[in-house]
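# Descriptive structure summary
In case you want the letters, here they are:
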Amino acid sequence: MDASSCLDELPITHLKGVGEKVAEKLTNLGISSVADVLFHLPFRYEDRSRLVAIGEMRAGESCLFEGQVELAEVVFRGRRSMLVRVSDGTGFITLRFFHFSNSQKQALKRGQWLRCFGEIKAYNKSQGFDVVHPEYKLIAETQRGEINEGLSAVYPATEGVQQATLRKLIKQAFVLLEQGASVRDCLPVSARAVKNLPELIDSLQQLHYPQKMPTAEVHESPAFQRLIIEELLANHLSMSRLKDGVKKQNAPIFKSSDSLQKQFLGSLGFELTNAQQRVIKEITSDLISAHPMQRLLQGDVGSGKTVVAACAALLATQAGYQVALMAPTELLAEQHVRNFAAWLEPLGIQVDCLVGRQKAAVQKVIVEDIREGRSQVIIGTHALFQEAVVFAKLGLVIIDEQHRFGVHQRLALRDKGALNGMSPHQLVMTATPIPRTLAMLGYADLDLSIINELPPGRTPVTTTVLSIEKRPLIIERIQQGVEDGRQVYWVCTLIEESEVLQCQAAEVAAQLLKELLPHVKVGLLHGRMKAEEKHHVMQQFKEMKLQILVATTVIEVGVDVPNASLMVIENAERLGLAQLHQLRGRVGRGERDSHCVLLYKAPLSKNANERLSIMRATSDGFKIAEKDMELRGPGELLGKRQAGFMRFKVADLVRDAALLDLVARCADDVLQHQLELIEPLIHRWLANSVEYAHV
Ligand code: ADP
Ligand code: MG
């Protein structure tokens, strides 16, 4: 072994015990070089350094214990299993085996001493604690207490590669390091300037072979910080690489004609806000360049993003291209269809709707129109992206309420429209403000436009937090409101993870309101109604034929009825901030002062109390999002699917948010002076994520 060799370049097959077969299996774990095995980090540690008395065990812990067999029996309860009762004088525990051999059973004689390791399951009176398939070893009574193990790291494994194999490989890699081999240090100079960052090898040593069981604060150690910075940097760089890749592709050029745009804007019946005008300029300049727009349009609920999207759609259709607009719900898709049709059909543009629940025959006609290019603006749910849908000439993809979709889907849409080496432009819209630090990572492949101004005449919403016990008070208020000509939303939220139950709750609430307010017209809207029914109810509400609309959270996104000025949200304590903010955004759209009542059921948890207080204190979407991130973590903010994509090995976006500025600076540094670090960094930290494979 050449002492100067770099483990990043040394193939894993160099290690003992790794032949072609094992090497192939290791690639499933993203391991192909010896250095890769060092960066294959444990996800937890097991403490085998001390014995736990059975009487002191706690369910859920993994522990090492010893005991004497009292009884071993084979039982048939549902399935054949062997139960072995073991005691150490402080208590007893049942070892449970579903697979066992005869000789195994023979060896577990009454009186035999065992040393076991396993995860302790719940306690039960007749059987004591329970442990399924523990590791165990027969020992002589004289060997009791002879422990020579310590903490052991547990690694992500794969079929055919066991923990023991990984541990051996890691050990070998460390031996090579001791003999003078090296691993590449991928941190740029700017990061090294940070105080106290230890050597890479020391950091790795600490992660693989910790001295003591890590506590919650272990990430604060400089060793961890160092690796966290590396990982965040790798993510940052990979996102910017993604962005550059897209920028190199070709896209259609939409030359604008001012006259049609003027006609369109003139027909709106309102003036665009300065922010809307600015954002339209930003979008337009993207659309007339020969590269695909990748733009995130961020604007608080009610800031008027739809009309901006329509402007972009107009440009695309003028240039002879099709536009696809994807909305997260059918209700929202249909609302967009009505708006777009009203705005664009007078200009001779064909607007169509494609949603899952349409009759097959109807869909067939629309799909045909899309293929033939007759359909110019196609609005729908993800039904738009089924295989049968082939666009004649897709030039622009608009995604509304992006937080409902994942990065994956976003990238898939881009591929859908790729034609003759041309990629469609993409406009992604969201009302969920993304804290800057998070946006730097999760949306680094998108340019950002912000509508930071609401249309004039909006009134802030006054928010009240009330216990459900005060329901009579609310009913009185609704009564008064309705007499004043107000319209009211009554929102029933998810009590359990079941849409059926949620709809039932809405039905019950509607019934109750009808009984309590016999002179008021109450409508009901929920996710299990047919699209036509939903449309009909919405239409009646819009036309003021209904005064109260009882709805499930289907109205959360996008629904727009300016005259509605009172909203009551049941079980508000169960909702996250982002969702509450979205819901509340349905009121405060007209000229009247608006109110939102958050009903909760006592007792409130500390966290819930904090959430409701924030809602009462502010209507600033950004403040709410920052707080949301603090309280719930970034996964929820980025959307569930996105959370999976943002899976880190050592970093945690909320916990490590303070490092993100430094990471951004490091990234600039690398991009300007140390391009050679990019490839190894991305390989080291992200080689295993599918998302990056397609870059
Ligand atoms: P969001 O950004 O939440 O999607 P919408 O696009 O649904 O908001 O707009 C909310 C409402 O405001 C709609 O009724 C829309 O027609 C109206 N609107 C949009 N821009 C303006 C404006 N500049 N002046 C007045 N009303 C506007
Ligand atoms: Mg909207």
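Residues numbered from 1 in each chain as written. Chains lettered and ligands numbered in written order. Predicted model: local features only at pLDDT ≥ 70, side-chain atom pairs only at ≥ 80, totals over all residues. Heavy atoms only, no water.

All right, on to the site of ligand 1 then. Glu271, Gly302, Thr306, Arg458 and Asp560 are the nearest of the 16 residues found near ligand 1. At a separation of 2.8 Å, a nitrogen atom of ligand 1 approaches a polar backbone atom of glutamate 271. A distance of 2.9 Å is found between a nitrogen atom of ligand 1 and a side-chain nitrogen or oxygen belonging to glutamine 276. Considered on its own, ligand 1 offers 560 Å² of accessible surface; in the complex 85% of this is hidden by protein. Class assignment for the residues of the shell around ligand 1 results in four nonpolar, six polar and six charged. (Near = heavy atom within 4 Å. Polar contact = N/O pair within 3.5 Å; in protein donor to acceptor, adjacent residues only side chain to side chain. Areas by Shrake-Rupley, 256 points an atom, 1.4 Å probe, with all protein chains shown as cover. Nonpolar A, V, L, I, M, F, W, Y, C, P; charged D, E, K, R; others polar.)

In this section: the side chain of serine 375. Relative to the helices and strands, serine 375 is located in the loop between helix H12 (360–372) and strand S12 (377–380). Dropping the residues within four chain positions of it, serine 375 is found in contact with Gln322, Gln350, Asp352, Asp369 and Ile370. (Helix = DSSP H or I, 4+ residues; strand = E, 2+ residues; numbered from the N terminus. Contact = heavy atoms within 4.5 Å.)

On to the sheet that holds strand S17 (residues 487–491). Across the sheet, six strands lie side by side as S16-S21-S20-S17-S19-S18; this open sheet has parallel pairing. Edge strands, defined here as strands with exactly one partner in the open sheet, are strand S16 (461–467) and strand S18 (522–525). On average, each strand axis in the sheet is tilted by 20° relative to the strand beside it, whichever way the strands run. Sheet strands in contact with helix H18 (residues 577–584) are S16, S17, strand S20 (564–569) and strand S21 (594–600), and its direction is about 150° off that of S20. (Pairing = 2+ DSSP bridges. Axes fitted to C-alpha atoms, helices over the stretch in contact; angles between N-to-C directions.)

Another point: the packing of aromatic side chains. Counted by the stated rule, this structure contains seven aromatic pairs. When the centroid spacing of 6.2 Å and the interplanar angle of 80° are considered together, the rings of phenylalanine 264 and tryptophan 343 count as edge-to-face. Taken together, the positions of phenylalanine 264 in helix H8 (residues 258–266) and tryptophan 343 in helix H11 (residues 330–344) put the pair 79 residues apart, joining distant regions of the chain. Each member of the pair, phenylalanine 264 together with tryptophan 343, is buried. (Phe/Tyr/Trp six-rings, centres within 6.5 Å; stacked < 30°, edge-to-face > 60°. Buried < 20%, exposed > 50% of the residue type's maximum accessible area, 1.4 Å probe, protein only.)

A few words on the pattern of salt bridges. For the structure on display, the rule yields 23 salt bridges. Between arginine 589 and aspartate 560 there is a salt bridge, with the nearest N and O atoms lying 2.5 Å from each other. Here arginine 589 is found in the loop between H18 and S21, whereas its partner aspartate 560 is found in the loop between strand S19 (548–551) and S20, with 29 residues between them in sequence. On the basis of relative accessibility, which here comes to 15%, the residue arginine 589 falls in the buried class. Here the salt bridges do not stand alone but share partners, grouping Asp8, Asp185, Arg226, Glu230 and Arg684 into one network. (Salt bridge = Lys/Arg side-chain N within 4 Å of Asp/Glu carboxyl O.)

The next subject is the nonpolar core. Proteins that are soluble and globular tend to have nonpolar side chains buried together. Membership of the largest hydrophobic core comes to 59 residues, with the highest contact counts inside it found for Leu7, Leu26, Leu38, Leu232, Leu233 and Trp685. It is helix H7 (residues 222–248) that contributes the most residues to this core, eight residues altogether. Discounting residues that sit within four places of it in the chain, tryptophan 685 has contacts with Phe39, Leu41, Leu227, Glu230, Glu231, Ala234, Lys649 and Val650. If you look at the next biggest cluster of nonpolar residues, it comprises 44 residues, including Phe254, Val308, Ala333 and Ala341. (Core = buried A, V, L, I, M, F, W, Y, C linked by side-chain atoms within 4.5 Å.)

A few words on the side chain of serine 152. Among the secondary structure elements, serine 152 is positioned in strand S8 (residues 151–154). The buried category is assigned to serine 152, whose relative accessible area is 12%. At 3.4 Å, the side chain of serine 152 forms a polar contact with the side chain of arginine 48. Setting aside anything within four residues of it in sequence, one finds serine 152 in contact with Arg44, Tyr45, Glu46, Arg48 and Arg167.

Once that is clear, we can look at unusual backbone geometry. Omega for the bond connecting alanine 602 with proline 603 falls within 30 degrees of zero, at 0°, which places this linkage in the cis form. The topology assignment puts proline 603 in the loop between S21 and helix H19 (606–617). One non-glycine residue, methionine 544, lies in positive phi territory at about 65°. Mapped onto the elements, methionine 544 comes out in the loop between helix H17 (531–542) and S19. Positive phi outside glycine occurs at asparagine 571, with the angle close to 50°. You can see asparagine 571 is positioned in the loop between S20 and H18. Asparagine 571 gets classed as buried once you look at its relative accessible area, which sits at 13%.

A few words now on the sheet that holds strand S15 (residues 447–451). The seven strands lie next to each other as S11-S12-S10-S13-S14-S9-S15, forming an open sheet whose pairing is parallel. Looking at the sheet topology across the chains shown, the edges are occupied by strand S11 (351–354) and S15. In this sheet, adjacent strand axes meet at a mean angle of 20° when their direction is disregarded. Direction of pairing for strand S10 (residues 322–326) relative to strand S13 (residues 394–399): parallel, over a ladder of five bridges. For leucine 325, the partnering residue across the bridge sits in S13 and is isoleucine 398.

A word on the confidence of the model for the protein chain. Scored by pLDDT, the protein chain has a mean of 85; 89% of the residues are at 70 or more. Note that residues 690–695 has pLDDT below 50 and, in this model, 10 contacts with residues that lie over four places away or in other chains. (pLDDT = per-residue confidence, 0-100.)

With that settled, consider the environment of phenylalanine 270. Its location among the elements puts phenylalanine 270 in the loop between H8 and helix H9 (274–287). Residue phenylalanine 270 is classed as partly exposed on the basis of its relative accessible area, which comes to 41%. Sequence-wise, phenylalanine 270 and proline 455 are 185 residues apart; in three dimensions their C-alpha atoms are separated by 9.2 Å.

Glancing now at the packing of H8 against helix H10 (residues 305–318). Running from N to C, H8 and H10 point in directions that differ by 150°, and their axes come no closer than 11 Å. By the criterion of interaxial angle, the relationship of H8 to H10 is roughly antiparallel. Crossing of H8 against H10: the hand is right-handed. Of the residues in H10, those touching H8 at Leu260, Gln261, Phe264 and Leu265 are Val307, Ala310, Cys311, Leu314, Leu315 and Gln318. (Parallel < 35°, antiparallel > 145°, perpendicular 65-115°, else oblique. Left-handed = near helix turned anticlockwise from the far one by under 90°.)

Our next topic: the state of the cysteines. Put plainly, a disulfide is one covalent bond tying together the sulfur atoms of two cysteines. Under the defined criterion, the tally for this structure stands at zero disulfides. As a non-bridged cysteine, cysteine 186 has cysteine 6 as the owner of its nearest cysteine sulfur, 9.0 Å distant. A residue is classified by how much of its surface remains accessible, and cysteine 186, at 0% relative accessible area, is buried. (Disulfide = S-S within 2.5 Å.)

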